[in-house]
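Overview (structure and organization)
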Amino acid sequence: MTDARIEGTPQAAPGVITGPVRRLAALSLSGITLGYTLSRVGFTRYDEVHAMFTFADLRLFGVFVVGVILTALGFWLTEPRGLVGKPWHPGTIPGALLFGLGWAISGACPGVVLAQLGEGQAPALAIAAGVIAGTLLHRAVQRRWLRWETR
Amino acid sequence: MSYDRASHGMDPTLPPPDAHAALAPWWLDLLALPASGLWPFWAGALGLAVVAVGFPLLLGRPFGVSSAVGRALDPRKELALDRRDDEAPLGSGMIVAPARLPLPRAAARARDTWLANVVFLGSIALGGFVAAISSGTFGVSSYEGVYETLVARGPLGLVALFGGGLFVGFGTQLSGGCTSGHGLVGCARMQAPSIAATATFFGTGVLVSLLLAWVRA
């Protein structure tokens, strides 16, 4: 038990923002940049996402793949602290399968739904209701039957 | 009004909209703004990378949208953790007993309050709002035309969107990440579980979309 307490000590890495108001500002800035980018690049448009998945237009694949490469480059250059990897667990692959199915049908991933709502796309309300219901359903299922940590 | 790819000159079967395009070198197309007015791929990639790299530098924890969604929708647990953190704020180095709460490994990392997660999610919507207002597309739906042809129109189309959202919500929570956490960050760090999850959700997206296009064409 004592070991668990020491492990649970909240300890900030050097350079990381600790003030609650400044953290809010940094979170807002990240969110606005993400939403603006997703919208301007067309990840919030069903037609564009479908064109990506059917290989009719590889531009959005390019956004993702080059985004990963630039992110890797950025991590290598700046070496940010606090990047905890996600563990393997029995839900990793089944969850990704369900997410891929939902993404193909709705054209939206969790960040995209929010940007769509901001864009005033009324049908995104139905997707958002689905995402909320799915998240709550997963929590109920996990607490009742599943025995692993997902995040 | 909907986003019609053909009327934007995006249909690959149509000839290029102006004759000069044929004279330009092929790579210029990659750098230029698409005819639809959307950003070219490199600008979007840069925007995503700025967030994925800047987020942990500023906040000391990995960037991920679905984990914020999970926390925002679990106010009871998160507000209880907020009260625990109030006793030993981030950076104080104080050791506190986890009170009555079990302290999972994940909660030991730098975390933000329930409200901060809600603000983060709201600001993604704000970013979409700014983009739509500045490009004059506010209130324009992309769920007409292609979506109605492929999936369904009217109330049935909305039911399908709800169902799709249900799979997205359940799947991302079960998998423990989405396009941001598994896709951008996990793949950039070459984490095996994240690469496998990303290959799976992109692969499933491709298969289901090709199937939809094949069945409904």
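1. Some details on the overall build of chain A
The helix and strand tally for chain A stands at seven helices and zero strands. Along chain A, from the amino end to the carboxyl end, the secondary structure elements read α-α-α-α-α-α-α. Scored against the burial criterion, the 151 residues of chain A give a buried share of 56%. Taking all contacts inside chain A whose residues are at least 6 apart in sequence as the whole, residues at least 24 apart take part in 40%. Carbon and sulfur atoms form 67% of the exposed surface of chain A, whose accessible area is close to 6500 Å².

2. Comments concerning the overall build of chain B
Along its length, chain B carries nine helices and zero strands. If you list the helices and strands of chain B from N to C, you get α-α-α-α-α-α-α-α-α. The buried share among the 217 residues of chain B stands at 49%. Restricting to contacts in chain B with at least 6 residues of sequence separation, those with at least 24 account for 58%. For chain B, the computed accessible surface area is about 10100 Å², with 70% contributed by carbon and sulfur atoms.

3. Here's the deal with the interface of chain B and chain A
Contact with chain B, which involves 130 residues of that partner, is made by 118 residues of chain A. Summing both partners gives a buried area of about 11100 Å² for chain B against chain A, and 72% of it is carried by carbon and sulfur. Inspection of the chain B/chain A interface yields three salt bridges. Notably, a salt bridge pairs arginine 139 of chain A with aspartate 74 of chain B, separated by 3.8 Å at the nearest N-O pair.

4. Some details on the environment of arginine 144 of chain A
Structurally, arginine 144 of chain A is set in helix H7 (residues 124-145). For the pair arginine 144 of chain A and lysine 86 of chain A, spaced 58 residues apart in sequence, the C-alpha separation works out to 22 Å.

5. Observations concerning the packing of aromatic side chains
As enumerated under the stated definition, the model contains 17 aromatic pairs over all chains in all. Judged by centre distance (6.2 Å) and plane angle (65°), the ring pair of phenylalanine 53 of chain A and phenylalanine 202 of chain B falls under edge-to-face. In this pair, phenylalanine 53 of chain A sits in helix H3 (residues 46-53) while phenylalanine 202 of chain B sits in helix H9 (residues 192-216), so the two residues belong to two different chains. When its relative accessible area of 1% is taken as the criterion, phenylalanine 53 of chain A is described as buried. For phenylalanine 202 of chain B, a relative accessible area of 9% gives the class buried.

6. Side note on the packing of helix H2 (residues 20-41) of chain A against helix H5 (residues 114-134) of chain B
Between H2 of chain A and H5 of chain B, the shortest axis-to-axis distance is 6 Å and the interhelical angle comes to 40°. As summarised for this structure, H2 of chain A and H5 of chain B are arranged oblique, according to the angle between their axes. You can see that H2 of chain A and H5 of chain B cross each other, and the crossing is right-handed. Seen from H2 of chain A, the contacting residues are Leu24, Leu27, Ser28, Ser30, Gly31, Ile32, Leu34, Gly35, Tyr36, Ser39 and Arg40 of chain A; seen from H5 of chain B, they are Ala116, Val119, Phe120, Ser123, Ile124, Leu126, Gly127, Gly128, Val130, Ala131, Ala132 and Ser134 of chain B. Considering only residue class, the contact of H2 of chain A with H5 of chain B consists of 13 nonpolar, nine polar and one charged.

7. Observations regarding the side chain of glutamine 121 of chain A
Position of glutamine 121 of chain A among the secondary structure elements: in the loop between helix H6 (110-118) and H7. Glutamine 121 of chain A gets classed as buried once you look at its relative accessible area, which sits at 1%. Residues in contact with glutamine 121 of chain A, not counting those within four places in the same chain, are Thr44 and Gln116 of chain A together with Val140, Ser141, Ser142 and Tyr143 of chain B.

8. Re the confidence of the model for chain A
For chain A, per-residue confidence averages 90 on the pLDDT scale, and 89% of positions sit at 70 or higher. Under a pLDDT of 50 for its full length, residues 1-9 of chain A has, in the predicted model, 13 contacts with residues more than four places off or in other chains.

9. Overview of the environment of leucine 115 of chain B
Within the fold, leucine 115 of chain B resides in helix H5. For leucine 115 of chain B, a relative accessible area of 47% puts it in the partly exposed group.

10. A closer look at the nonpolar core
Grouped together as the largest cluster of nonpolar side chains are 64 residues, with contacts concentrated most on Phe43, Met52 and Trp103 of chain A together with Phe63 and Leu121 of chain B. With near-sequence residues (within four places) excluded, methionine 52 of chain A lies in contact with Phe43, Asp57, Leu60, Phe61 and Trp103 of chain A together with Phe202 of chain B.

11. A short note on unusual backbone geometry
All names here are of chain A. Positioned with a positive phi, phenylalanine 55 is a non-glycine residue whose angle comes to about 65°. Tracing the chain through its elements places phenylalanine 55 in the loop between H3 and helix H4 (59-78). In this model, glutamate 79 sits at a positive phi of 45°, which is unusual for a non-glycine residue. As for its position among the elements, glutamate 79 is in the loop between H4 and helix H5 (92-106).

12. Here we look at H3 of chain A
Given 3.6 residues to a turn, an α-helix orients residues that are three or four positions apart in the same direction. Across the eight residues that make up H3 of chain A, a large majority, eight, are buried. Every buried residue belonging to H3 of chain A is among Tyr46, Asp47, Glu48, Val49, His50, Ala51, Met52 and Phe53 of chain A, and all of these are buried. Buried residues along H3 of chain A sit in contact with H4 and H5 of chain A together with helix H6 (146-150) and H9 of chain B. Looking one or two places after H3 of chain A, you find phenylalanine 55 of chain A, whose phi comes out positive at around 65°.

Cut-offs used in this document
- Residues numbered from 1 in each chain as written.
- Chains lettered and ligands numbered in written order.
- Predicted model: local features only at pLDDT ≥ 70, side-chain atom pairs only at ≥ 80, totals over all residues.
- Heavy atoms only, no water.
- Helix = DSSP H or I, 4+ residues; strand = E, 2+ residues; numbered from the N terminus.
- Buried < 20%, exposed > 50% of the residue type's maximum accessible area, 1.4 Å probe, protein only.
- Contact = heavy atoms within 4.5 Å.
- Areas by Shrake-Rupley, 256 points an atom, 1.4 Å probe, with all protein chains shown as cover.
- Buried area = accessible area lost by both parts, 1.4 Å probe.
- Salt bridge = Lys/Arg side-chain N within 4 Å of Asp/Glu carboxyl O.
- Phe/Tyr/Trp six-rings, centres within 6.5 Å; stacked < 30°, edge-to-face > 60°.
- Axes fitted to C-alpha atoms, helices over the stretch in contact; angles between N-to-C directions.
- Parallel < 35°, antiparallel > 145°, perpendicular 65-115°, else oblique.
- Left-handed = near helix turned anticlockwise from the far one by under 90°.
- Nonpolar A, V, L, I, M, F, W, Y, C, P; charged D, E, K, R; others polar.
- pLDDT = per-residue confidence, 0-100.
- Core = buried A, V, L, I, M, F, W, Y, C linked by side-chain atoms within 4.5 Å.

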